[in-house]
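Spelled out, the chains give:
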Amino acid sequence: MRLSPRGKLSAKRTDEGQPCRYSPFVFGCGKAAPHPALRGHLPPWGKARNFNCLAYSPILEYNIHKSANLHPGGVTMQYKVLALDLDGTLTNSDKIITPRTKAALQAAAQKGVCIVLASGRPTVGIEPLARELELEKYGGCILSYNGGKIIDCRTGETLYQKQLDAQYVPELCAFAAAQNVTIITYNKEGVVTEHPDDKWALRECFTCKLPMTGVDDLAKYVDYPICKMLITLDPARRDEVWAAGKKQFDGRIDLYPSSPFFIEAVPLGVAKDSSLAALLERMGLTRDNLMACGDGLNDCSMIAYAGVGVAMQNAEQPVKDAAVYVTAADNNHDGVAEAVEKFILREE
């Protein structure tokens, strides 16, 4: 179902429990819940957010002041934070940032826009792209594990983090075994699993450019804190396994797809929108200052939340339904550059 055209999303409060005409949220008791048209497509929203764990960061203060500058002609730049999904959005099918997209992002960064690389990847799998975009120079952040962690690219400081409770690791491993699918997590070196030859698990190694480590018993091996686990499987089984997982873990942890062959298992309430909300609050900004681009179901929440949410042409249909703008180009043909040029570089 497509929402009615609404221009820029608004957090304006309406009558208790009633949807705002131009917002995908229903407000009640001071909390926001997804518009009925998006239910079933967005990741679970969890309970009230606690943003107190977001640390102070000089880089964020720098970008706030820098992006407050006026555009030529005296017009204030509205979109001061740009959140970008990586796979299927920022990078092409070869996992490369193309020259036009890189140039558009560096031009945005030079205007003071804080670029946030927002992905389900582990932090170490995002860092090479952050270095390529010189986010340590311009100022920017890495949002990894689908929102489980945010780090400041300039200082390396962890600004926000939520970890998966250790009690769920054995149960998730048992669930994956019962469903006859593979489950992985990460160590300091790369990807860890009991099935290192699984072709769907190897997709994560290709995506993140990380090595694979095989272990005999993943539940016993994981004796350290983790932010998420990842179920990898044949796309034909994704929705079936996702439904079974949601039923088993309902109200305890969140499970949602991030690609046709991945299902994320994260702490309850962890999603890209909630982590970005925490970051914006710390920066003294609102969702109206956020532009978000994505293609997968795990991007729906931030696309619906942002002041302008952009779906790639190659996005899944629910993502397009949640977006204000759908690019004419896909991720292989500079869809991100198209959106940045339209909403940030040519802003009037």
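Nothing here was measured: the structure is a model prediction, and the numbers come from that model.

Parameters at a glance
Residues numbered from 1 in each chain as written. Predicted model: local features only at pLDDT ≥ 70, side-chain atom pairs only at ≥ 80, totals over all residues. Heavy atoms only, no water. Phe/Tyr/Trp six-rings, centres within 6.5 Å; stacked < 30°, edge-to-face > 60°. Helix = DSSP H or I, 4+ residues; strand = E, 2+ residues; numbered from the N terminus. Buried < 20%, exposed > 50% of the residue type's maximum accessible area, 1.4 Å probe, protein only. Lys NZ or Arg CZ within 6 Å of the ring centre and 35° of its normal. Expected span 1.5 Å × (residues − 1). Pairing = 2+ DSSP bridges. Contact = heavy atoms within 4.5 Å. Axes fitted to C-alpha atoms, helices over the stretch in contact; angles between N-to-C directions.

**Re the packing of aromatic side chains**
Alright, step 1. Under the definition given, this model contains six aromatic pairs.
Alright, step 2. Note on Phe-175 and Phe-249: the rings are 5.8 Å apart at their centroids and 85 degrees apart in plane angle, and the pair reads as edge-to-face. Of this pair, Phe-175 sits in helix α5 (residues 168–178) while Phe-249 sits in helix α8 (residues 238–249), and the two are 74 residues apart along the sequence.
Alright, step 3. The class for Phe-175 is buried, based on a relative accessible area of 4%.
Alright, step 4. Three or more aromatic residues link up through ring pairs in this structure, and these residues are Trp-200, Phe-261 and Phe-262.
Alright, step 5. Sitting over the face of the ring of Trp-242, Lys-246 holds its NZ or CZ atom 4.1 Å from the ring centroid.
Alright, step 6. Looking at Lys-342, its charged tip hangs above the ring of Phe-343, at a distance of 5.6 Å from the centre.

**What to know about helix α9 (residues 272–283)**
Alright, step 1. Taking 1.5 Å as the rise per residue, α9 with twelve residues should run 16 Å; its terminal C-alpha atoms sit 16 Å apart, in good agreement.
Alright, step 2. Within α9, ten of the twelve residues are buried, which leaves it mostly tucked inside the rest of the structure.
Alright, step 3. Turning to α9, its buried residues number three or more, namely Lys-272, Asp-273, Ser-274, Ser-275, Leu-276, Ala-277, Ala-278, Leu-279, Leu-280 and Met-283.

**Describing the sheet that holds strand β16 (residues 325–326)**
Alright, step 1. If you walk across this open sheet you meet the eight strands as β7-β6-β5-β4-β3-β14-β15-β16, and the pairing is mixed. Of all the strands in the sheet, just β7 (158–161) and β16 have a single pairing partner and so form its edges.
Alright, step 2. One ladder, built from four bridges, connects strand β3 (residues 81–84) with strand β14 (residues 290–294); its direction is parallel. Bridging across to β14, Leu-84 finds its partner in Cys-293.
Alright, step 3. Against the sheet, helix α3 (residues 123–132) engages β4 (114–118), β5 (140–144) and β6 (149–152), with an angle of about 150 degrees to β5.

**Topic: the sheet that holds strand β12 (residues 253–259)**
Alright, step 1. What the six strands build is an open sheet, ordered β10-β9-β8-β11-β13-β12; its pairing is mixed. Of all the strands in the sheet, the pair left with one neighbour each is β10 (212–214) and β12. Strand after strand, the sheet turns through a mean of 30 degrees between neighbouring axes, direction not considered.
Alright, step 2. Alignment of strand β8 (residues 182–186) against strand β9 (residues 191–193), held across three bridges, turns out to be antiparallel.

Bear in mind that shape data such as this cannot, by itself, settle questions of function.
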